[in-house]
Structure formats: structure tokens, C-alpha cells
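This is what each chain is made of:
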Amino acid sequence: MHEAHAAFARLNVAALWPGQPQTLLTGQIDVAPVSGPPAAWRVRGQIANALPGPLDRQRLPVQRLQIDGVLEASRLNVTRLEADAAGGHVTLQGHWVGIGTANTTSLPTTGWQGTVTVSQINPATVHSQVAPAMLDGKLVARAEPGAIVFDAQLQPAARQPANSALQGLQLTSAHVQ
């Protein structure tokens, strides 16, 4: 069994993939086998972006990303993804089935499900034409045959920027299913 280790510094994704956001990525990604059947690989990585910014300005609104997951046959489990992004913090957990060969577990043969939690996210750092505001929330979603089922909860964060679009708004939360 073999391992893989990739380290990079000042990587600009746009130089390799025209049309993508400009980045200055520094980090590492490690892939190592997990003992025991079935064959599986642990994926761990840490990436920092020294050139964050809004998507509409050809930047990526992510400053830091850490991931820990396992790839097993046709299933990818993301046990932890944490990011400092959009001025706040994002966590994700989820799994995707049907990535490669036929699945040998009792799970469906294709699909995905995940949970994303956001804290102090400012949409203006994602797209510069959006008014500033700080948001907290949670999204739980899954793919089913012919549909995406989701439950999203979003509310203003306790701390707001001085020029927040939510100033004076009496919205306490939004819940969509």
C-alpha cells in the first residue's frame, strides 16, 4: 500500500484552470490507506488562501480550509470540513455515494447528504453587490431520486457590521424546507 503527500505554495488555480478565481493557495494534502477491508483511503488536508475575495471579483471567499475524510470504493465520507470563509466560519459533514464503482454497502447506490453550519458569514464577502450582514445558520440536505430535500435555517448573527442590511429589520430567523 502506498501513500501520497502533496505540498504546494502560492498556487494560483486560475493559472491552471482559466476562468476560475485567482488564488494564492498554500497547504498540503495527504492520502493514506486505512487498514482492513474494504479498501479505503483517508484524506486529510490544510489549505490557506492568501488572496481571498468576492466571487464576482474573480476571487475565492475562503481564507483557510481543513478537511478530513475517507474514500471507500464508491463512497466519500467527509467527517470534518472546517473553513474560515466569507468573513465567518463554516463546518460541513456529509457523504456521497456512487462516486466510482458499484457500492457494496447497504446504502443507496447513488446520492449524497450533508450538513453545513455557518457562523458570522457575511454575504458581501461572497459577492460584492450584496449588502453586508452577519448570518448564522444550518442547512441539512440530501439527494433522493428526482429531488433534493433540504431544511435551511438562517438568522442574523448577534454581532452585525455598522452598515448591515439587517439594521432595523425585525427578522429573527428564516426557515425553509
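On a predicted model such as this, the values are computed, not experimentally measured, just so you know. (Residues numbered from 1 in each chain as written. Predicted model: local features only at pLDDT ≥ 70, side-chain atom pairs only at ≥ 80, totals over all residues. Heavy atoms only, no water.)

Bringing the confidence of the model for the protein into the picture now. Close inspection of predicted coordinates is inappropriate for parts of the model with low pLDDT. Mean pLDDT for the protein: 86, with 85% of residues reaching 70 or above. In this model residues 101-107 is a low-confidence stretch, pLDDT under 50, and it forms 10 contacts with partners more than four residues away in sequence or in other chains. (pLDDT = per-residue confidence, 0-100. Contact = heavy atoms within 4.5 Å.)

Turning our eyes to something else, we now look at the nonpolar core. Listed in full, the 7 residues of the largest apolar core are Val78, Leu81, Ala83, Ala85, Ala86, Val90 and Ile121. Among the elements that make up this core, the one with the highest residue count is strand 5 (residues 75-85) (4 residues). Apart from the residues within four sequence positions on either side, isoleucine 121 is in contact with Ala85, Ala86, Gly88, His89, Val90, Ala133, Met134 and Leu135. (Core = buried A, V, L, I, M, F, W, Y, C linked by side-chain atoms within 4.5 Å. Buried < 20%, exposed > 50% of the residue type's maximum accessible area, 1.4 Å probe, protein only. Helix = DSSP H or I, 4+ residues; strand = E, 2+ residues; numbered from the N terminus.)

Turning our eyes to something else, we now look at the side chain of glutamine 120. Mapped onto the fold, glutamine 120 is located in strand 7 (residues 111-121). Classification of glutamine 120 as buried rests on a relative accessible area of 18%.

Turning our attention to the pattern of salt bridges. In this structure the tally under the stated criterion is 5 salt bridges. The salt bridge partner of aspartate 68 is arginine 42, with a shortest N-O separation of 2.8 Å. Taken together, the residues aspartate 68 in strand 4 (residues 62-72) and arginine 42 in strand 3 (residues 40-49) connect sequence positions 26 residues apart. Looking at arginine 42, the relative accessible area reads 26%, which means it is partly exposed. Linking arginine 64 and aspartate 84 is a salt bridge whose minimum nitrogen-to-oxygen distance equals 2.9 Å. Placement of arginine 64 in strand 4 and of aspartate 84 in strand 5 is noted, with a sequence separation of 20 residues between them. For arginine 64, a relative accessible area of 25% translates into the label partly exposed. (Salt bridge = Lys/Arg side-chain N within 4 Å of Asp/Glu carboxyl O.)

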